[in-house]
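Overview (structure and organization)
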Amino acid sequence: MTVHSAFADHSTASRPSGERSLQVAVLGGGSFGTALASIAATRGAHVRQWLRDEQLVAHINEQHVNVRYLPNFAIDPSVHASSDMAFVLEQAELVLVAIPSGAFRAVVRQAAPLIGTETLLVSTTKGIEAGDDFHLMSQILEEETVSRHIGVLSGPNLAAEIAEGHLSASVIASDDDMTRARIQQALSCDHFRVYASNDRFGVELGGALKNIYAIAVGMAAALGMGENTRSMLMTRALAEMSRFAVARGASPMTFLGLAGIGDLIVTCSSPLSRNYRVGYAIGEGRSLEEAVEALGQVAEGVNTVHLIVDRAQRDGVYMPLAQALYQVLFEGVDPRDMALSLMRSEQGSDVEFTLPREAALDAQRRAARTHPNDSRDTLT
Ligand SMILES: NC(=O)c1ccc[n+]([C@@H]2O[C@H](COP(=O)([O-])OP(=O)(O)OC[C@H]3O[C@@H](n4cnc5c(N)ncnc54)[C@H](O)[C@@H]3O)[C@@H](O)[C@H]2O)c1
Ligand SMILES: O=P(O)(O)OC[C@H](O)CO
């Protein structure tokens with residue numbers, strides 16, 4: 001097995017001198033948690049990482065490799081893994097939570113008694129909590145802890161590429177300017193940049209929503225789509241994502257940034273994305289259950305799609321791609337039939353923030369009344 005040492009190679013170049021070391025805790029032993037733990041350590045922080053698997057803990061501490069999630073990469077040797085939550089959180093000034101959405105609240109609840117009001121608390125998880133309340137991860141952090149410094153880290157961040165040292169960037173979103181600035185200091189290094197945002201919900205929704213479209217694009221890729229098709233799907237996905245997020249109070253501008261279009265591009269283009277891979281496997285003819293089992297990790301979009309579709313219906317937000325994906329994944333609709341049906345549906349506005357969708361549809365309906373022979377059957 002070849003173990004690249006991208007993390008270690010960057011350590012001396014990035015380590016600030018003469019500064020007191022920040023105490024960092026990472027909750028989660030998956031690939032992103034491991035990549036972030038290593039980056040923080042290369043920046044000179046004292047890093048402890050919490051994970052449940054004792055064998056993996058021992059392996060990380062002795063061999064400095066996460067054999068389960070990032071087997072080919074050397075972790076900064078100063079990262080200390082442990083299955084003891086109290087030990088990991090002891091004196092932690094910054095806590096990064098990299099736990100799948102399904103277990104996020106339970107883990108945060110376990111950590112909460114050890115998190116103070118001044119602890120910086122950042123979610124890196126791109127998902128939505130199951131249930132009727134449509135809770136984002138940062139809302140769980142607010143509900144379960146007393147921290148006054150909550151943030152969200154999200155962007156085009158394939159963990160394996162970060163681990164390999166590919167130049168990458170992310171966004172720290174928080175209402176609190178000190179939280180933003182301190183995370184930028186703690187995590188930026190020669191191969192990782194951190195930009196700031198004050199649109200926490202927009203950034204968080206960008207990360208959660210793009211997963212479902214990556215499944216759709218992966219599926220289309222396996223069905224032999226062209227690049228025009230990919231581009232159309234991604235751009236219309238962006239229109240849906242921003243429409244949904246704006247209806248929930250986010251800024252549409254956030255979707256022009258790394259956590260919007262940036263993350264959508266990478267997740268809809270790379271076979272390293274778990275969501276893309278699940279979609280691709282389904283496009284090749286596997287069932288959803290087979291695709292998820294073959295992946296062996298969490299593809300958040302599978303759990304997110306019904307929450308988004310349900311919420312969009314309740315709020316009256318038009319989400320045809322998400323709705324279509326739901327029908328393909330859970331109602332047995334053939335993806336090719338679904339693609340045809342989408343192509344025949346109403347043609348609205350390109351950018352709704354310049355030409356509102358209803359204005360474009362009204363004009364089409366007026367044109368259909370004036371020139372009935374030219375109109376499409378499906379126009380209403
Ligand atoms: N992997 C990436 O490239 C990447 C990049 C950016 C963001 N993210 C986001 O970060 C989050 C974490 O992703 P990841 O890839 O690090 O790991 P992951 O989603 O594969 O799993 C994370 C860790 O959580 C642990 N875990 C699962 N259920 C648990 C439970 N009930 N109690 C305690 N621990 C539990 C797993 O054992 C694993 O160590 C995801 O929500 C993902 O959307 C991932
Ligand atoms: O592997 P995925 O599909 O969960 O995507 C990973 C990251 O979110 C990409 O930014």
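The rules behind each value
- Residues numbered from 1 in each chain as written.
- Chains lettered and ligands numbered in written order.
- Predicted model: local features only at pLDDT ≥ 70, side-chain atom pairs only at ≥ 80, totals over all residues.
- Heavy atoms only, no water.
- Domains from an automatic or database assignment.
- Contact = heavy atoms within 4.5 Å.
- Buried area = accessible area lost by both parts, 1.4 Å probe.
- Helix = DSSP H or I, 4+ residues; strand = E, 2+ residues; numbered from the N terminus.
- Buried < 20%, exposed > 50% of the residue type's maximum accessible area, 1.4 Å probe, protein only.
- Lys, Arg positive; Asp, Glu negative; His and termini not counted.
- Salt bridge = Lys/Arg side-chain N within 4 Å of Asp/Glu carboxyl O.
- Polar contact = N/O pair within 3.5 Å; in protein donor to acceptor, adjacent residues only side chain to side chain.
- Near = heavy atom within 4 Å.
- Areas by Shrake-Rupley, 256 points an atom, 1.4 Å probe, with all protein chains shown as cover.
- Nonpolar A, V, L, I, M, F, W, Y, C, P; charged D, E, K, R; others polar.

Moving on to the domain arrangement of the protein. What the domain assignment reports for the protein is domain 1 (6-198) and domain 2 (208-345). Once you take the C-alpha centre of each, domain 1 and domain 2 turn out to be 27 Å apart. In this complex, domain 1 contributes 25 residues to the contact, which on the side of domain 2 involves 22 residues. When domain 1 packs against domain 2, close to 1,800 Å² is buried across both sides, 65% of that on carbon and sulfur atoms.

The next thing to look at is the environment of tyrosine 69. In this fold, tyrosine 69 is placed in the loop between helix 4 (54-63) and strand 3 (80-82). Aside from chain neighbours lying at most four places away, what touches tyrosine 69 is Gly29, Gly30, Ser31 and Gln297.

As a further point, take the side chain of lysine 210. Within the element layout of this structure, lysine 210 appears in helix 10 (residues 200-222). This buried residue, lysine 210, is left without a salt bridge; aspartate 263 holds the nearest opposite charge, at 4.0 Å. Among the polar contacts made by the side chain of lysine 210, one reaches the side chain of threonine 267 at a distance of 3.3 Å. The contacts of lysine 210, once residues within four sequence positions are left out, are Lys126, Met241, Asp263, Leu264 and Thr267.

Turning next to the site of ligand 2. Around ligand 2 sit Lys126, Gly155, Pro156, Asn157, Leu158, Lys210, Asp263, Val266, Thr267, Ser273, Arg274 and Asn275, and that is every residue in its neighbourhood. With respect to ligand 2, the backbone of asparagine 157 contributes an N or O atom lying 2.9 Å from an oxygen atom. Contact between ligand 2 and aspartate 263: an oxygen atom at 2.6 Å from a side-chain N or O atom of the residue. Taken by itself ligand 2 offers 300 Å² of open surface, and the protein chains cover 92% of this. Among the secondary structure elements, those contributing two or more residues to the shell around ligand 2 are helix 12 (258-267) and helix 13 (274-283). When residues of the shell around ligand 2 are assigned to their parent elements, the largest contribution, three residues, is made by helix 12. In terms of residue class, the shell around ligand 2 is built from three nonpolar, five polar and four charged. A domain-level breakdown of the shell around ligand 2 finds at least three residues from each of domain 1 (6-198) and domain 2 (208-345).

A separate point is the environment of aspartate 177. Within the element layout of this structure, aspartate 177 appears in helix 9 (residues 177-187). With 84 residues separating them in the primary sequence, aspartate 177 and glutamate 93 have C-alpha atoms 16 Å apart.

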